[in-house]
2 protein chains.
Amino acid sequence: MIFTDLEISDIRFPTSRALDGSDAMNPDPDYSAAYVVLRTDAGDGHEGHGFAFTIGRGNDIQAAAIASLRPYLVGRPVAAVLADLGGFWRELVHDSQLRWLGPEKGVMHMAIAAVVNALWDLRAKREDLPLWQLLSRMSPEDLVDLVDFRYLDDALTRDEALRILRAAQPGRAAREEHLLREGFPAYTTSPGWLGYDDDKLRRLCKEAVADGFGQIKLKVGADLADDVRRMTIARQTCGPDFRIAVDANQRWDVPTAITWMRELAPFDPYWIEEPTSPDDVVGHATIARELAPMRVATGEHVANRVLFKQLLQLGAVSYVQIDATRVAGVNENIAILLLAAKFGVPVCPHAGGVGLCELVQHLSMFDYVAVAADMSDRVIEYVDHLHEHFVDPVVIRQGRYVAPTAPGFSATIRPRTRTEYAYPDGPVWAAPDPGAAEAAPRPAQRRPGTEVAP
Amino acid sequence: MIFTDLEISDIRFPTSRALDGSDAMNPDPDYSAAYVVLRTDAGDGHEGHGFAFTIGRGNDIQAAAIASLRPYLVGRPVAAVLADLGGFWRELVHDSQLRWLGPEKGVMHMAIAAVVNALWDLRAKREDLPLWQLLSRMSPEDLVDLVDFRYLDDALTRDEALRILRAAQPGRAAREEHLLREGFPAYTTSPGWLGYDDDKLRRLCKEAVADGFGQIKLKVGADLADDVRRMTIARQTCGPDFRIAVDANQRWDVPTAITWMRELAPFDPYWIEEPTSPDDVVGHATIARELAPMRVATGEHVANRVLFKQLLQLGAVSYVQIDATRVAGVNENIAILLLAAKFGVPVCPHAGGVGLCELVQHLSMFDYVAVAADMSDRVIEYVDHLHEHFVDPVVIRQGRYVAPTAPGFSATIRPRTRTEYAYPDGPVWAAPDPGAAEAAPRPAQRRPGTEVAP
């Protein structure tokens, strides 16, 4: 049985029309997926689904990069590839010619993420388990074989990783049970988008508390007076003990991050997320030192395990925010979970966008069962957007992710959505939106927009 | 007068057939250019030429990324864009949707490099000056307007940059004269490719000395015994005082870099280049500290100015190796030249590949005339490959780059080459190579190769 095809599609949602997802750096995202379906001739009805998440323009470039990986899979035996996903990961990431396009970052790395995640989806479906459970039941030896320790040795060796995983073996079954019973804590970013007015902010804060969330997150960084006003509203609405994190989406220089956050400190922000460039590990360390005991979080734009390693080595972050599709998929995220466990830093994943909640819940649940073996001070981002397009959407109950039980990686977008939102020819994009045509013309037809000027 | 078109082509040279360019990470590169020609309706006969350099597979992805920038230029007024290349750079780099694909790294950032460099080529042609001279005659105020100081403020402010440039104003004319008379020192990597046998290494070392070079560079990192043997040959052939740099092309972990280079230290390597991941600024700092006084160099794969900033902040490098097409073109390289000047670290550019020598000479010459104002301990890489395909190829005389005098950025590949090496339909690729068909089949037809296993 071999892989017969990679079907690739460019799916975009016109989220900019309602300013969902608007923040200080991303005023008008159109949440998009460069989507891949792996097909085999196994005749078991299983496909592997995966995607790279983008925010609109450039989703076609991302799709082209995924297509470039076709020769790696088509014609290869399914069982052998799925049995050695560590080896296959290395083949993709270490291809010397494609590596030049990163290395290990950006478009090419995210393309590998899409394919690797689709392979995990397929493997979990074939083994009839949700991915988190499949990973949680693997041996420590098999898990470390998934990880490429290149460039990690000065912080985490294979032997240390093995020790971490072995230490977490006792209690795995009990933690699985606990997860299935209680789920995993979530926080919600839905109230906090910059494009929402104060009334909407107040209403959504109330709803978050009523819905059982213990934490919300507000976007900040465009205007200090606005941030102070919005933090005042949120703090008054949610109460003094409620966790309110803030997120600057890389808007600031290092000195600006420090002075700005000193102004917001009286509102007791739970963490400051992405205060500056995700590449600036030294800058994050400076910010963390200057603002201590305020906590710094980052990760959704951190390109690979090497940058995460340094953030941890420098003590620059109090929370590691993995993303399911920016680093090269499940394998690299296992490396990052192990690094975080080594340094004793909780992992609180980035989610939102389209499908990121669906994917990343599996990684946090695996982390709880088999790596960190701890749920305290851990929380997965939740944004209430676009879940209706998924075959196995996340379920949130009383502010917690309910552990998924369907086999796979929860990555599958409904076939009808894939047709309707296909870009540029699907009906959603081909037919002008009558209500919003003036405000948000079709991206391909307008002068590309830039962020709000700094 | 407006921009009327961006003509994009995928040009590849089958360099893997002779193992030119082979190193520990890149055993079989096919040097390639994702090439762009900017056309206007000015009727002055000028076009802007630029490219991103890749090593084969994926050059089409790079070309697609360049094509995504078409809407930014087509229809825009030529004079206004060329008069504000700082503003235009920000427009491209800060586009919120395209930015998600990096941010500021990888395929999308290199695409911006190609377009920005093509704009500089056009501007220099219209002003009838070689680029280095155009830049060297700009005012400090106009030069800092080209630079985006976002994320740099904790290391270099606009005012500090202005002071550096103003301090270099006296003597600009004398240094221009000196350059035109004497050229700029080069070193050659031609002897050092891993794929060459010992006799070829010895012969090329002799030639390098005879040709007047003061420095060569050897690839290392695949096998320690081989490296010791090859360093022995090179040291014996070139003599005890000749500079021999070594380059590991990111092959090592941090601990391996340290132990391996201690074995090569007796051969007095002039620098160790790319000892580990280009993202690992903390790792480079550790290596530099452990191996001191051995000098560490890196840069050709450093994704952007933020990572260069940190390498300098941590004292991790003794030489900054800018690349003309990896960061976002001339503007970002000016930022890096200014950072290097601030920290007093010499810039010794990466070159080779296809066209990198042609481009980067302009940046070093500008650095000498108007930024660092110093030529001591500075040297530009030179590799004797593929120059015959350029309209204005580099000229090396007695181990020095002769200052180019033709207007533009020396980026123009001959029209006939662009046709013959077009991938996959040009005659070089469409017709099988009779001599080498077995050894190096057409990349698109073979199973993609990976690097030598670590």
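Residues numbered from 1 in each chain as written. Chains lettered and ligands numbered in written order. Predicted model: local features only at pLDDT ≥ 70, side-chain atom pairs only at ≥ 80, totals over all residues. Heavy atoms only, no water.

**Some remarks on the interface of chain B and chain A**
Part 1 of the argument: Counting from both sides, the interface comprises 73 residues of chain B and, opposite them, 73 residues of chain A.
Part 2 of the argument: Regarding the contact of chain B and chain A, the summed buried area is about 6200 Å², with carbon and sulfur atoms giving 56% of it.
Part 3 of the argument: When the area that chain B buries against chain A is broken down by residue, the three leading residues are Q97(B), W100(B) and L101(B), summing to 15%.
Part 4 of the argument: Its salt-bridge partner being D279(B), residue K105(A) comes within 2.9 Å of it at the nearest N-O pair.
Part 5 of the argument: The interface formed by chain B and chain A includes 33 residue pairs in polar contact (both at pLDDT 80 or more).
Part 6 of the argument: Looking at which element gives the most residues to the side of chain B that touches chain A, the answer is helix 15 (residues 305-313) of chain B, with five residues.
Part 7 of the argument: Of the residues belonging to the side of chain B that touches chain A, the class tally is 32 nonpolar, 20 polar and 21 charged. (Contact = heavy atoms within 4.5 Å. Buried area = accessible area lost by both parts, 1.4 Å probe. Salt bridge = Lys/Arg side-chain N within 4 Å of Asp/Glu carboxyl O. Polar contact = N/O pair within 3.5 Å; in protein donor to acceptor, adjacent residues only side chain to side chain. Helix = DSSP H or I, 4+ residues; strand = E, 2+ residues; numbered from the N terminus. Nonpolar A, V, L, I, M, F, W, Y, C, P; charged D, E, K, R; others polar.)

**Some remarks on the pattern of salt bridges**
Part 1 of the argument: A complete count under the given rule lists 66 salt bridges over all chains for this structure.
Part 2 of the argument: The salt bridge partner of E7(A) is R39(A), with a shortest N-O separation of 2.2 Å. Placement of the pair is E7(A) in strand 1 (residues 3-12) and R39(A) in strand 2 (residues 32-40), with a sequence separation of 32 residues.
Part 3 of the argument: Classification of E7(A) by relative accessible area gives partly exposed; the value is 31%.
Part 4 of the argument: Here D148(B) and R305(B) are joined by a salt bridge, their closest N and O atoms 3.6 Å apart. Taken together, the residues D148(B) in the loop between helix 8 (140-145) and helix 9 (158-167) and R305(B) in helix 15 connect sequence positions 157 residues apart. Per residue, the accessibility class of D148(B) equals that of R305(B), and both read buried.
Part 5 of the argument: Beyond isolated ion pairs, a larger network of salt bridges with shared partners links K217(A), K219(A), D247(A), E273(A) and E381(A). (Buried < 20%, exposed > 50% of the residue type's maximum accessible area, 1.4 Å probe, protein only.)

**A word on the relation of the copies chain B and chain A**
Part 1 of the argument: Between the two copies, chain B and chain A, the superposition gives an RMSD of 0.0 Å; the rotation angle is 180° and the shift along the axis is 0.0 Å. Put plainly, the chains are arranged around a two-fold axis. For chain B, the smallest separation between a C-alpha atom and the rotation axis is recorded for G106(B), amounting to 2.5 Å.
Part 2 of the argument: Most of the interface of chain B is mirrored in chain A, where 100% of its interface residues are also at the interface. (Least-squares fit on C-alpha atoms with pLDDT ≥ 70 in both.)

**Quick word on the sheet that holds strand 1 (residues 3-12) of chain B**
Two pairing modes exist for strands in a sheet, parallel and antiparallel, and in both the strands are linked by backbone hydrogen bonds.
Residues and elements named next belong to chain B.
Part 1 of the argument: In spatial order, the strands read 1-2-3; together these three strands make up an open sheet with antiparallel pairing. Both edges of this open sheet fall to strand 1 and strand 3 (48-54), since each of them pairs with a single strand only. Adjacent strand axes in the sheet meet at a mean angle of 15° when their direction is disregarded.
Part 2 of the argument: With seven bridges connecting them, strand 2 (residues 32-40) and strand 3 associate as antiparallel partners. Residue pairing across strands places Y35 opposite F51, the latter belonging to strand 3.
Part 3 of the argument: In the packing of helix 1 (residues 59-67) onto the sheet, the strands contacted are strand 1, strand 2 and strand 3, and the crossing angle to strand 1 comes to about 175°. (Pairing = 2+ DSSP bridges. Axes fitted to C-alpha atoms, helices over the stretch in contact; angles between N-to-C directions.)

**Digging into the pairing of strand 3 (residues 48-54) of chain A**
Part 1 of the argument: Of all the seven residues making up strand 3 of chain A, seven are buried; the element is thus mostly covered by neighbouring parts of the structure.
Part 2 of the argument: Burial along strand 3 of chain A is two-sided: G48(A), G50(A), A52(A) and T54(A) and H49(A), F51(A) and F53(A), pointing in opposite directions, are all buried.

**Focus on the packing of aromatic side chains**
Residue and element names in this part refer to chain A.
Part 1 of the argument: Tallied over the entire structure, the rule returns 26 aromatic pairs over all chains.
Part 2 of the argument: Arranged with centres 5.1 Å apart and planes meeting at 35°, the rings of W252 and W260 form a pair that is tilted. Here W252 and W260 have matching classes, each one buried.
Part 3 of the argument: Put simply, the rings of Y187, Y270, W271 and Y319 pair up and form one aromatic cluster.
Part 4 of the argument: The positively charged end of R17 is found above the aromatic ring belonging to W429, 5.6 Å away from the centroid.
Part 5 of the argument: Sitting over the ring of Y196, K200 keeps its end group 3.8 Å from the ring centre. (Phe/Tyr/Trp six-rings, centres within 6.5 Å; stacked < 30°, edge-to-face > 60°. Lys NZ or Arg CZ within 6 Å of the ring centre and 35° of its normal.)

**Notes on the sheet that holds strand 3 of chain A**
Residues and elements named next belong to chain A.
Part 1 of the argument: Spatially, three strands are ordered 1-2-3 in an open sheet, and the strand pairing comes out antiparallel. Strands with a single pairing partner mark the edges of an open sheet, and in this sheet they are strand 1 and strand 3. When the angles between neighbouring strand axes are averaged without regard to direction, this sheet yields 15°.
Part 2 of the argument: Here strand 1 pairs with strand 2 via nine bridges, running antiparallel. By the bridge assignment for strand 2, L6 is matched with L38.
Part 3 of the argument: In the packing of helix 6 (residues 106-126) onto the sheet, the strands contacted are strand 1, strand 2 and strand 3, and the crossing angle to strand 3 comes to about 150°.

**Here's the deal with the UniProt feature "domain: Mandelate racemase/muconate lactonizing enzyme C-terminal" (unreviewed entry) in chain A**
Part 1 of the argument: Here, UniProt's "domain: Mandelate racemase/muconate lactonizing enzyme C-terminal" (unreviewed entry) annotation points to residues 198-294 of chain A.
Part 2 of the argument: End C-alpha to end C-alpha, residues 198-294 of chain A measures 26 Å, and it is 52% helix and 15% strand. (UniProt positions renumbered as here; feature names shortened; annotations may be inferred.)

**Section: the confidence of the model for chain A**
Residue and element names in this part refer to chain A.
Part 1 of the argument: Per-residue pLDDT for chain A has a mean of 94; in total, 94% of the residues score no lower than 70.
Part 2 of the argument: Low pLDDT, under 50, characterises residues 435-454; the stretch is placed with 44 contacts to residues that sit more than four places away or in other chains.
Part 3 of the argument: For this predicted complex, the interface score ipTM comes out at 0.94, alongside a pTM of 0.95. (pLDDT = per-residue confidence, 0-100.)

**Considerations on the packing of helix 12 (residues 224-238) of chain B against helix 13 (residues 254-264) of chain B**
Residue and element names in this part refer to chain B.
Part 1 of the argument: For the pair helix 12 and helix 13, interaxial distance at closest approach is 10 Å and the crossing angle is 30°. Here the hand of the crossing between helix 12 and helix 13 comes out right-handed. Of the residues in helix 13, those touching helix 12 at L224, D227, V228 and M231 are W260, E263 and L264.
Part 2 of the argument: Looking at the contact of helix 12 with helix 13 residue by residue, the classes come out as five nonpolar, no polar and two charged. (Left-handed = near helix turned anticlockwise from the far one by under 90°.)

**Brief notes about unusual backbone geometry**
Residue and element names in this part refer to chain B.
Part 1 of the argument: The step from G102 to P103 runs through a cis peptide bond, and the omega angle for that step is -15°.
Part 2 of the argument: Position of P103 among the secondary structure elements: in the loop between helix 5 (96-99) and helix 6 (106-126).
Part 3 of the argument: Note that the residue after Y423, namely P424, is joined by a cis bond; omega there is 0°.
Part 4 of the argument: A positive phi angle is found at D268, which is not glycine, with a value near 55°.
Part 5 of the argument: Even without glycine at this site, A373 takes up a positive phi of about 60°.
Part 6 of the argument: For A373, the location among the structural elements is in the loop between helix 17 (356-371) and strand 10 (380-382).

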